[in-house]
Amino acid sequence: MSIYKSIVIGTGPAGLTAAIYLARAGLAPLVIEGIQPGGQLTTTTEVENFPGFPEGIQGPELMDQMRKQAERFGAEFRSGWVTGVDFARQPRIITLEGGETLQTETVILSTGASARYLGIPGEQENVGRGVSTCATCDGFFFRGKKLLVVGGGDSAMEEASFLTRFATQVTIVHRRDELRASKIMQDRARSNGKIAWALNRTPVAVETDELGRVKGLRVLNNVSGQEELLEADGLFVAIGHTPNTAFLGGAVEIDSHGYIVVQPGTTKTNVQGVFACGDVQDTRYRQAITAAGSGCMAAMDCEKYLEGSMVHDWSETLN
Ligand code: NAP
């Protein structure tokens, strides 16, 4: 069985940028694409904040271009669902669904994070058409409109504050009367005159008008026990993200929220030769451009590691 120099798991902007850099360095990486090739950007429509595209670019097209760029320099792609890893041995072992195993000297983890959705009727049908999980990506499209933000954590406060730049009014909808967000973020939102509050409301369904446009969110008023329609032109769901790290089974250090821990200022995990980039290790920025930047960092960290690594006796077990 061949031993790869590097395997990249995940094909969002982080993984594809890592692949471009590794391929250009002559390391012929294998890139494993999961069930959502291209990652979260393929669920957005127009991307207007990725530098280099003054007229904007469709998310899927941007990802397709990155993939072609990686292929041009010799990155190999294959579809597969990684079910497990063994980082206690060298070479590192990656197991795919079906039982096939791959061996590699280094691994770049770029499996991203998935925005959590409410799971209510009308929600998925309207993603990208009035329902969004990313204010930075889609807020601009709601200039002069009324918006709802669901959630009571820091993300909801931050998204709501950001959206007041565009919207005439932003109502934060939260299922309890107590917010989870930090005091400073709450205070900031409370002092913003454009933010209104709908506390003690549990989302029931996203409603649309006869033309199929989002017209509001049906909620259950937990105090009165009655259902109400909160009218709005758009809905931002900000109830957290789930980093895609379950398949690692504790093989690298993860934090209490499930994100991979990297050494500050690098992409190094606590396992030698295993690097992490993009949203799977980023609780803060979560942007395509920051993911791409960290993908570049991971490839450079990986190259450096391979240059310095004298480990070619595969019978040895090291960490
Ligand atoms: P979070 O803190 O887990 O908050 C999620 C919110 O969504 C909670 O208020 C929760 O309600 C609500 N929620 C969850 N599932 C729901 C459902 N099915 N229906 C209705 N509401 C639901 O997530 P987050 O706000 O994304 O923050 C994640 C981490 O990132 C936190 O550590 C946060 O501090 C950090 N963060 C920091 C910043 C910053 O410092 N600038 C910005 C964003 C995020 P309950 O409260 O009732 O559980």
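Here the structure is a predicted model, which means the values were calculated and not measured. Along each chain, residue indices are assigned from 1 in the same order as the chain's sequence is written. For a predicted model such as this one, the threshold for reporting local features is a pLDDT of at least 70, and the threshold for listing and counting side-chain atom pairs is 80 or more; totals across whole chains, interfaces and linings nevertheless cover every residue. For the side-chain quantities, the full set of heavy atoms in the structure was used; hydrogens and water were omitted.

### Focus: the site of the ligand
No. 1: Here, proximity means that at least one heavy atom of the residue falls within 4 Å of the molecule or strand. The environment of the ligand is formed by 16 residues, the closest being Asp154, Ser155, Glu158, Arg176 and Arg180.
No. 2: A distance of 2.6 Å is found between an oxygen atom of the ligand and a side-chain nitrogen or oxygen belonging to aspartate 154.
No. 3: Whenever two N or O atoms come within 3.5 Å, that pair is a polar contact, provided that in protein one can donate a hydrogen and the other can accept it, and provided that, for residues adjacent in sequence, both atoms are side-chain atoms. Within the side chain of glutamate 158, a nitrogen or oxygen atom sits 2.9 Å from a nitrogen atom of the ligand.
No. 4: Only the protein chains shown count as cover for residues, and the accessible areas themselves come from Shrake-Rupley with a 1.4 Å probe. Protein contacts shield 74% of the accessible area of the ligand, which totals 910 Å² for the unbound molecule.
No. 5: Per-element tally for the shell around the ligand: the top contributor is helix 4 (residues 154-163), with 3 residues. Under the scheme used here, helices are H or I runs from DSSP no shorter than 4 residues and strands are E runs no shorter than 2 residues, and both carry numbers assigned from the N terminus.

### Let's talk about the domain arrangement of the chain
No. 1: Segmentation of the chain into domains returns domain 1 (3-115 + 241-318) and domain 2 (124-237).
No. 2: Residue ranges labeled as domains rest on an automatic or database domain assignment. A straight line from the C-alpha centre of domain 1 to that of domain 2 covers 33 Å.
No. 3: Taken residue by residue, the interface counts 8 residues in domain 1 and 7 residues in domain 2.
No. 4: A side-chain nitrogen of Lys or Arg and a carboxyl oxygen of Asp or Glu constitute a salt bridge if their distance falls within 4 Å. Taken together, the links from domain 1 to domain 2 amount to 0 salt bridges. Here, residues are in contact when the closest pair of their heavy atoms is within 4.5 Å.

### Here we look at the nonpolar core
No. 1: Nonpolar cores were defined as sets of buried Ala, Val, Leu, Ile, Met, Phe, Trp, Tyr and Cys residues, with membership established by side-chain atoms within 4.5 Å. Buried, partly exposed and exposed residues are distinguished by accessible area as a fraction of the type maximum, computed with a 1.4 Å probe on protein chains only: under 20%, between the cut-offs, and over 50%, respectively. Counting 31 residues, the largest nonpolar core has Leu22, Phe50, Leu62, Ala75 and Ile108 as the members making the most contacts within it.
No. 2: Every element with two or more residues in this core is listed here: helix 1 (13-24), helix 2 (59-72) and helix 6 (288-308).
No. 3: It is helix 6 that provides the largest number of residues to this core, a total of 8 residues.
No. 4: Non-local contacts of phenylalanine 50, meaning those with residues more than four positions away in its chain, are made with Leu62, Met66, Ala288, Ile289 and Ala292.
No. 5: The next biggest cluster of nonpolar side chains, apart from the first, holds 22 residues, and it includes Tyr4, Ile7, Leu30 and Leu96.

### Examining the state of the cysteines
No. 1: By definition, disulfides here are pairs of cysteine sulfur atoms that lie within 2.5 Å. Counted according to the given criterion, the structure contains 1 disulfide.
No. 2: Covalently, cysteine 134 is tied to cysteine 137 through a disulfide, its sulfur atoms 2.1 Å apart. Of note, the bridge from cysteine 134 to cysteine 137 carries an S-S torsion of about 75° and is right-handed in sense.
No. 3: Cysteine cysteine 296 remains unbridged, with the sulfur of cysteine 277 as its closest cysteine sulfur at 9.9 Å.

### Some details on the sheet that holds strand 16 (residues 227-231)
No. 1: Two strands make a pair as long as DSSP finds a minimum of two bridges between them. Within the open sheet, the 3 strands sit side by side as 14-15-16. Their pairing is antiparallel. Two strands in the sheet have a free side with no partner beyond their single neighbour: strand 14 (201-208) and strand 16. Mean inter-strand twist for the sheet, computed between neighbouring axes without regard to direction, equals 30°.
No. 2: Direction of pairing for strand 14 relative to strand 15 (residues 214-221): antiparallel, over a ladder of 7 bridges. Paired with arginine 201 across the strands is asparagine 221, a residue of strand 15. The convention used is that axes are lines fitted to C-alpha atoms, helices contributing only their stretch in contact, and that angles between N-to-C directions extend from 0 to 180 degrees.

### Regarding the pairing of strand 2 (residues 30-33)
No. 1: By the alternation rule, side chains of strand 2 split into Leu30 and Ile32 and Val31 and Glu33, which are all buried.
No. 2: With 3 bridges connecting them, strand 1 (residues 3-9) and strand 2 associate as parallel partners. Across the sheet, isoleucine 7 pairs through a bridge with leucine 30, a residue of strand 2.
No. 3: Handedness of a crossover is defined as follows: orient the strands so they point away from the viewer, and if the path from the first strand over the helix to the second runs clockwise, the crossover is right-handed. Between the parallel elements strand 1 and strand 2, the chain passes through helix 1 in a crossover that is right-handed.
No. 4: Relative to strand 5 (residues 76-79), strand 2 is paired through 4 bridges, and the arrangement is parallel.

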